[in-house]
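Residue strings, one per chain:
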Amino acid sequence: MVKKKNWLAKNWLILLTGLIVGAAAVILSKLGNPGNMGFCIACFERDIAGALGLQRAANPAGEPILSYFRPEIVGIIFGSLIMAVGAKEFKGKGGSSPVIRFILGAVVMIGALVFLGCPLRMVIRIGGGDLNAVVGLAGFIVGILVGVVFLKCGFNLGRAHEQKKAEAGAFPAGLLLMFILCTVGVIGVVTTAGLEGAPGGARAPWYASIIAGLVVGAICQRSRFCMAGGIRDAVMFRDFGLIAGFGMVIVTVLVGNLILGNFKGFAMEGNPIAHTDGLWNFLGMVVVGWGSALLGGCPLRQLVLTGEGNSDSAITVCGMIVGAAFSHNFKMASNGMGTGENGHLGVYIGLGILVVVSLLFTFCKKKEN
Amino acid sequence: MLKQAEKRLVITFHTTAGAMAMEKLCKKNAIPGRLVPVPRELTSDCGIAWSMAPADRAHLEPLLTGDSDISGVYELML
């Protein structure tokens, strides 16, 4: 039997996901999250690293400026987890080169903090009129293309195996426990709410953040929304379904900012938490794109997969949190003034690691017994 | 835009490299098909699958070895 399939009927869920993610980003910024940073997986994991004392970025007065256990991250993981359990898709799975994934997670984070944002924030920044993010997008696409070349040549981190559900649930449970302890003030470091010049102090009410995270995590689990996957599918298969979700985020953020009066036009200068060093915006996102292609998903996707019980993704998220700490402790992260003291070195090291990992896992085959 | 949907044999793999190896094997043996994103109805993974005409299954099966990395074989309307 032959029947006709409509593109819209096939891709409505991914378009709806783009709409919800974009709307959530605009609303969270309106409620207090930093400008053009309603959602940013890299920045929020960096703030969690600060909350746990793994990095101690501070202002001249010694007050922490990037420390807050962002509820959005917990929400995304649990939104995905609840949806996966409901759909019987919660499965313990892992064991595919966890150490390499941890390192790649850290490398992706170093690149993201040179650019100042994950791929999701990159499109949110474009929707907010930040043209530096268009430069970042070009780098992200180049990075993914390089990763796809290695995938086509046989890059292989090895297969994941079935694991116990207890292993699958360990990271979400541990994260939830730390979130609760930090939120009630038993442990952790927290930036003073509203502290000037401190992104960690700009935040929406925790309940709004967690609701937004839950909704975004749940719908991303159903739709497989992924920034890296969208470009991979468009390049490798001429399948534009996932990438359309990308476009929808940009349109939604743009329209949302216009409605709220936040849109000041497209410009390179004067954008919130962004620098104008084009070369390093580009190269930072090359690292993110390449690393994400090798990992099989962007930072947002890693959170969603963690919620589905994938311990390889949980290890990647751990790598990203540690990478965020490295970025700030070793002065590799950028700020609104420009790249960090060691930011260039961080990108060179990241690219070097990506070259070595790509070559080793593409061309050095396991010895046959 | 409307696209004709047809019945396809969809083969999924444990790794992306498995899908790439299948593409190579099929090209070498003149078995038509193409790589596709794994259909959402099969799994929540965002991996790569091999899609081919069900009628060619008989040509493919004798070529498969124990280490072909296949995780599932399905017939679907794509």
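The structure displayed is predicted, hence computed values, not measured ones. (Residues numbered from 1 in each chain as written. Chains lettered and ligands numbered in written order. Predicted model: local features only at pLDDT ≥ 70, side-chain atom pairs only at ≥ 80, totals over all residues.)

Q: Give a description of the overall build of chain B that names residues and reports values.
A: Each helix and strand in chain B was counted, giving two helices and five strands. Listing every helix and strand of chain B by position from the N terminus yields β-β-α-β-β-α-β. A compact globule built from 78 residues would reach a C-alpha radius of gyration of about 12 Å, and chain B, at 12 Å, matches this within 12%. With 78 residues in all, chain B has 31% of them scored as buried. A sequence separation of at least 24 residues applies to 73% of the contacts in chain B between residues at least 6 apart. (Helix = DSSP H or I, 4+ residues; strand = E, 2+ residues; numbered from the N terminus. Rg over C-alpha atoms; globule rule 2.2 N^0.38 Å. Buried ≥ 20, exposed ≤ 12 C-beta atoms within 10 Å, placed from the backbone. Contact = placed C-beta atoms within 7 Å.)

Q: Can you explain the overall build of chain A? Please cite residues and give values.
A: Looking only at helices and strands, chain A has 14 helices and three strands in total. On C-alpha atoms alone, chain A measures out to a radius of gyration of 19 Å, which is about the 21 Å that the 2.2 N^0.38 rule sets for 369 residues. Summarising its shape, the C-alpha atoms of chain A cover approximately 60 × 50 × 40 Å along the three principal directions. Among the 369 residues that make up chain A, the fraction classed as buried is 58%. Contacts in chain A between residues far apart in sequence, at least 24 positions, make up 82% of those at least 6 positions apart.

Q: Explain unusual backbone geometry to me, and be specific about the residues and the numbers.
A: With the exception of glycine, most residues fall at negative phi, and the peptide bonds are largely trans. Residue and element names in this part refer to chain A. In this structure, Asn36 is a non-glycine residue whose phi angle is positive, near 55°. Note on placement: Asn36 falls in the loop between α1 (7–31) and α2 (41–51). For Lys88, which is not a glycine, the phi torsion comes out positive at approximately 55°. Take Lys88: it is sitting in the loop between α3 (71–86) and β2 (93–94). The exposure class assigned to Lys88 is exposed, which follows from the 7 C-beta atoms found within 10 Å.

Q: Give me the lowdown on the interface of chain A and chain B, citing residues and values where you can.
A: Reports of interface size often rely on the accessible area that becomes lost once the parts have come together. In this assembly, 27 residues from chain A lie in contact with 18 residues from chain B. Secondary-structure elements contributing two or more residues to the side of chain A that touches chain B are β1 (3–6), α6 (132–152) and α9 (227–237) of chain A. A class-by-class count of the residues in the side of chain A that touches chain B yields eight nonpolar, eight polar and 11 charged. (Nonpolar A, V, L, I, M, F, W, Y, C, P; charged D, E, K, R; others polar.)

Q: I'd like to hear about the sheet that holds strand β2 (residues 7–13) of chain B, residue by residue, with values.
A: All names here are of chain B. The strand order β3-β4-β2-β5 describes an open sheet built from four strands, whose pairing is antiparallel. Edge positions in the open sheet fall to β3 (33–37) and β5 (70–77), since each of these has one partner strand only. Sheet twist, expressed as the mean angle between neighbouring strand axes with direction ignored, is 30°. Two elements, β2 and β5, share seven bridges in a ladder whose sense is antiparallel. Along β5, the bridge assignment pairs Val10 with Tyr74. Across the face of the sheet, helix α1 (residues 16–28) comes into contact with β2, β3, β4 (48–52) and β5 while running at roughly 25° to β4. (Pairing = 2+ DSSP bridges. Axes fitted to C-alpha atoms, helices over the stretch in contact; angles between N-to-C directions.)

Q: How would you sum up helix α8 (residues 206–223) of chain A? Please name residues and give values.
A: Residues and elements named next belong to chain A. Its 18 residues place the ends of α8 26 Å apart at the C-alpha level, agreeing with the 26 Å of an ideal helix rising 1.5 Å per residue. The element α8 is largely enclosed, with a buried count of 13 among its 18 residues. At the exit of α8 stands Arg224, carrying a positive phi of roughly 65°. (Expected span 1.5 Å × (residues − 1).)

Q: Tell me about helix α4 (residues 98–115) of chain A, and name the residues and values.
A: Residue and element names in this part refer to chain A. Helix length check: α4, at 18 residues, gives a terminal C-alpha distance of 26 Å against a target of 26 Å (1.5 Å per residue), a fit within 8%. Within α4, 16 of the 18 residues are buried, leaving the element largely enclosed by the surrounding structure. Directly after α4, the chain includes Leu116, whose backbone phi takes a positive value near 80°.

Q: If you had to explain the packing of helix α5 (residues 119–127) of chain A against α6 of chain A to someone new, which residues and values would you point to?
A: Residues and elements named next belong to chain A. The geometry of α5 relative to α6 is characterised by a closest axis approach of 8 Å and an angle of 140° between their N-to-C directions. If you check the angle between α5 and α6, you find them oblique. The two elements α5 and α6 meet at a crossing, and its hand is left-handed. Each of Pro119, Met122, Arg125 and Ile126 in α5 lies in contact with α6, whose residues at this interface are Ala133, Val134, Gly136, Leu137 and Phe140. (Parallel < 35°, antiparallel > 145°, perpendicular 65-115°, else oblique. Left-handed = near helix turned anticlockwise from the far one by under 90°.)

Q: I'd like a rundown of the nonpolar core, residues and numbers included.
A: Residues and elements named next belong to chain A. In terms of nonpolar packing, the biggest core is built from 128 residues, with Cys40, Met109, Ile110, Leu113, Leu120, Val287 and Leu300 touching the most fellow members. Among the elements that take part in this core, α4 stands out by supplying 13 residues, more than any other. Sequence-distant contacts of Val287, that is, excluding residues within four places in its chain, are made with Val107, Val108, Ile110, Gly111, Gly143, Val347, Gly350, Leu351 and Leu354. (Core = buried A, V, L, I, M, F, W, Y, C linked by C-beta atoms within 7 Å.)

Q: Quick one: what's the story with the packing of α4 of chain A against helix α11 (residues 278–295) of chain A, residue by residue and with numbers?
A: Residues and elements named next belong to chain A. Orientation of α4 relative to α11, taken along the N-to-C sense of each, is 155°, at an axis distance of 7 Å. For the element pair α4 / α11, the angle class is roughly antiparallel. In this structure, the crossing between α4 and α11 has a hand that is left-handed. In this structure, α4 uses Arg101, Leu104, Val107, Val108, Ile110, Gly111, Ala112, Val114 and Phe115 to contact α11, whose residues at the interface are Trp280, Asn281, Gly284, Met285, Val287, Val288, Gly291, Ser292, Leu294 and Leu295. When the residues that make up the contact of α4 with α11 are grouped by side-chain class, the tally is 13 nonpolar, five polar and one charged.

Q: So, the environment of Ala170 of chain A: which residues are in play, and what are the values?
A: With respect to the helices and strands, Ala170 of chain A occurs in helix α7 (residues 165–183). Taking the C-alpha atoms as reference, Ala170 of chain A lies 8.7 Å from Ser311 of chain A; in sequence the two are 141 residues apart.

Q: Give a description of the confidence of the model for chain B that names residues and reports values.
A: Taken as a whole, chain B shows an average pLDDT of 88; of its residues, 95% reach a score of 70 or greater. Two summary scores accompany this predicted model of the complex, namely pTM at 0.95 and ipTM at 0.88. (pLDDT = per-residue confidence, 0-100.)

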